[in-house]
Amino acid sequence: MKYEKLTGAAEYALEALKNAGADKAVVTAFNGSTTEFNIDGGEFSLMRTIFNEGVGVTAYVGGRNGGASTNALDRESIDGAARDAVAAAQSAVPDDAWDISPACEPQDFPSGALECDRDAFFEAVKKLKNDIAAGWPNILIEQLVASYHYGASVKLNSNGVRFTGESGRYEVYLMFSAHDGDKSSSFFGSGVVFTDPTQPIIDMGSIRADLDAVSKQTDPKAFHGKFDGTLVLTPAMFGEFIGLAAGNFASGGVIIEGTSPWKDKLGTQVADTRLNVRFAPLDPAIVGAERVTEDLFVSEDFDFIKDGVLQCFLLSLYASNKTGFDRAKNSSWALVVPAGDTPLDELIAGVEKGLLLGRFSGGQPGTNGDFSGVAKNSFLIENGKITDAVSEIMINGNLADLLMNLRGISKERVVDGASVLPYAAFDGVTISGK
């Protein structure tokens, strides 16, 4: 039986929590492995397989909750974790909003590539290394981490919820820079998640476009002056800015505290009417994403923003009980944004003055959404054309205003296994140099 060992550990842990004094309990027993090989400084440096297993437990006692975990499946270790979780719950502040998911039918969720084809994966990574050397000779791979992840789990709670699942995925993440004599670009990272190691990695995600861009950044120009212009976000940057807005305006903490400018915006327009944002772990383009939420509900795709209108907050069961708003139907960050109707070249051709943002280094936005940071791996856009790579250029704006000032969304989208995102251009951003 595939889950026999994990099921035995999870059932024992649930009983141990009850015996230790828990009113309600949640348990996850898991095991898995990671096979990885690395490239450092352009050469293969590591190949290994590591294994892990353990149990995570959460106890609920008199409106309090506490958690603990162990990296073993034996009964002595589980007993210790159960006692620790109950002790943590007993010392916590009571809050009636804490609860667990209701009973439902048992379900099993297999997903992704459940067997590792190590030989094919190694050959694919070797080919990627050779493709980069041949196509981008001024690029140095500072580090490449290629890994295959397998995991299985049994999740139970004391209401009778029982979910089993296993998933497998390949991941490649590379950090690189461009060099020309004593000149060099800023470092840059690009990654993909996938299930078929026989396909050329160079064609996945935005790796090819990222290498093209960084190879032209060995001699960035200092920018002097300041202007209000158009910020064109690469798909990765678009995802990062959506994440900043979601965390700043719609996450559990800011809704509970009442500090979000969107706290009264549910069902109203918060973005340009052309913007649609979904959290979609079940999308066929998303690899090995969440099938069960952190609160043990079956994950479902949902619209976050539809036609510019805010559809829901990103709330856990606790935050939902605390605020009275609906719980989010998944707890993943599997972002899917539909393509626009403008080719990227036309989008850029319409920009009089702006910046193509490749990487952003900034702090957490203010409560009102004001953001400020340094643009890295970026290019100026002047009179509809991408011109110089620039260094140490600042961008300032407001996230809420940004979403309302959408200029356009590209037809092209990047599918990297973790998200599906287009380029997007926004007006009204302050761009300044030294």
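The shown structure was predicted, so the numbers you read here are calculated from the model rather than taken from an experiment. (Residues numbered from 1 in each chain as written. Predicted model: local features only at pLDDT ≥ 70, side-chain atom pairs only at ≥ 80, totals over all residues. Heavy atoms only, no water.)

A. How the structure looks around the overall build of the chain. From N to C terminus, the chain includes nine helices and 22 strands. Its C-alpha radius of gyration of 24 Å places the chain within 12% of the 22 Å reference for a compact globule of 434 residues. Across the 434 residues in the chain, those meeting the buried criterion constitute 50%. Counted over contacts in the chain with a minimum sequence separation of 6, partners at least 24 positions apart contribute 71%. Of the roughly 19,200 Å² of accessible surface on the chain, a fraction of 47% belongs to carbon and sulfur atoms. (Helix = DSSP H or I, 4+ residues; strand = E, 2+ residues; numbered from the N terminus. Rg over C-alpha atoms; globule rule 2.2 N^0.38 Å. Buried < 20%, exposed > 50% of the residue type's maximum accessible area, 1.4 Å probe, protein only. Contact = heavy atoms within 4.5 Å. Areas by Shrake-Rupley, 256 points an atom, 1.4 Å probe, with all protein chains shown as cover.)

B. Looking closely at the packing of helix H1 (residues 4–20) against helix H2 (residues 75–90). In the contact formed by H1 and H2, the axes pass within 9 Å of each other and the chain directions differ by 40 degrees. Considering the angle they form, H1 stands oblique to H2. Between H1 and H2 lies a crossing of right-handed hand. Facing H1, whose interface residues are Ala 9, Tyr 12, Ala 13, Ala 16, Leu 17 and Ala 20, H2 presents Arg 75, Ile 78, Asp 79, Ala 82, Ala 85 and Val 86. Residues belonging to the contact of H1 with H2 are distributed by class as follows: ten nonpolar, no polar and two charged. (Axes fitted to C-alpha atoms, helices over the stretch in contact; angles between N-to-C directions. Parallel < 35°, antiparallel > 145°, perpendicular 65-115°, else oblique. Left-handed = near helix turned anticlockwise from the far one by under 90°. Nonpolar A, V, L, I, M, F, W, Y, C, P; charged D, E, K, R; others polar.)

C. Highlighting unusual backbone geometry. One non-glycine residue, Asn 377, lies in positive phi territory at about 50 degrees. As for its position among the elements, Asn 377 is in the loop between strand E17 (370–376) and strand E18 (378–382). A positive phi is found at Asn 383, a non-glycine position, where the angle reads about 50 degrees. When you line up the elements, Asn 383 lands in the loop between E18 and strand E19 (385–391).

D. Representation of the side chain of Ser 153 in the model. Within the secondary structure, Ser 153 is located in strand E5 (residues 139–157). What makes Ser 153 buried here is its relative accessible area of 15%. Those residues in contact with Ser 153 that lie beyond four places of it in its chain are Tyr 3, Leu 6, Thr 28, Ala 29, Phe 30, Phe 163, Thr 164 and Gly 165.

E. Quick look at the pairing of strand E12 (residues 302–306). Relative to E12, strand E11 (residues 277–279) runs antiparallel, the two being bridged by three bridges. From the neighbouring strand, Phe 279 faces E12, where its bridge partner is Phe 302. Remark: two residues form the turn of the hairpin made by E12 and strand E13 (residues 309–310), two consecutive strands paired antiparallel; Asp 307 in that turn has positive phi of roughly 50 degrees. (Pairing = 2+ DSSP bridges.)

F. Representation of the packing of aromatic side chains within the structure. In total, this model carries 21 aromatic pairs according to the counting rule given. Geometrically, the ring pair formed by Phe 279 and Phe 304 is edge-to-face, given 5.5 Å between the ring centres and 70 degrees between the ring planes. Of this pair, Phe 279 sits in strand E11 while Phe 304 sits in strand E12, and the two are 25 residues apart along the sequence. Considered together, Phe 279 and Phe 304 belong to a single accessibility category, that of buried residues. Their ring planes at 75 degrees and their centres at 5.5 Å tell us that Phe 279 and Trp 333 sit as a pair that is edge-to-face. Note that Phe 279 is positioned in strand E11 and Trp 333 in the loop between helix H7 (317–323) and strand E14 (335–336), a separation of 54 residues in sequence. Put simply, the rings of Phe 37, Phe 44, Phe 121, Phe 122, Tyr 148, Tyr 170 and Phe 194 pair up and form one aromatic cluster. Here Arg 327 stacks its cationic end above the ring of Phe 297, 3.7 Å away from the centre of that ring. Over the face of the ring belonging to Phe 187 we find Arg 359, whose NZ or CZ atom lies 4.3 Å from the ring centre. (Phe/Tyr/Trp six-rings, centres within 6.5 Å; stacked < 30°, edge-to-face > 60°. Lys NZ or Arg CZ within 6 Å of the ring centre and 35° of its normal.)

G. Inspection of the nonpolar core at higher detail. In terms of nonpolar packing, the biggest core is built from 53 residues, with Phe 241, Trp 262, Phe 304, Leu 355, Leu 357 and Ile 395 touching the most fellow members. If you tally residues by element for this core, the top one is helix H5 (residues 235–250), at nine residues. Not counting residues within four places of it along the chain, the set of residues in contact with Trp 262 comprises Phe 249, Val 270, Phe 304, Ile 305, Leu 310, Phe 313, Ala 400 and Leu 403. Ile 39, Ala 113, Ile 141 and Tyr 148 belong to the second largest nonpolar core, which has 28 residues in total. (Core = buried A, V, L, I, M, F, W, Y, C linked by side-chain atoms within 4.5 Å.)

H. Quick look at the pattern of salt bridges. Using the criterion set out here, one finds 15 salt bridges in the structure. In this structure, Lys 5 engages Glu 53 in a salt bridge whose closest nitrogen and oxygen atoms are separated by 3.6 Å. Taken together, the residues Lys 5 in helix H1 and Glu 53 in strand E2 (residues 43–61) connect sequence positions 48 residues apart. Given a relative accessible area of 28%, Glu 53 falls into the partly exposed group. What you see here is one network of salt bridges that share partners, running through Lys 183, Asp 219 and Lys 221. (Salt bridge = Lys/Arg side-chain N within 4 Å of Asp/Glu carboxyl O.)

I. Local environment of H2. The end-to-end C-alpha distance of H2, which contains 16 residues, comes to 22 Å, matching closely the 22 Å that a straight helix rising 1.5 Å per residue would cover. Looking at H2, one finds that the buried residues are Ile 78, Gly 80, Ala 81, Ala 82, Ala 85, Val 86 and Ala 89. In this fold, the buried residues of H2 make contact with H1, E2 and strand E3 (64–70). For H2, the N-terminal capping position is held by Asp 74, with its side-chain oxygen 3.2 Å away from the main-chain nitrogen of Glu 76. (Expected span 1.5 Å × (residues − 1). Polar contact = N/O pair within 3.5 Å; in protein donor to acceptor, adjacent residues only side chain to side chain.)

J. Highlighting helix H3 (residues 118–135). The terminal C-alpha atoms of H3, which comprises 18 residues, lie 25 Å apart, in line with the 26 Å expected from a rise of 1.5 Å per residue. Residues of H3 that are buried include every one of Ala 120, Phe 121, Ala 124, Val 125, Leu 128 and Ile 132, and no others. Each buried residue of H3 sits inside an arc of 135 degrees when the element is viewed along its axis, so together they form one side. Opposite its buried face, H3 presents the exposed residues Asp 119, Ala 133 and Ala 134, each directed more than 90 degrees away. (Arc of directions from axis to C-beta.)

Honestly, that's just the spatial picture; any functional story needs more than this.
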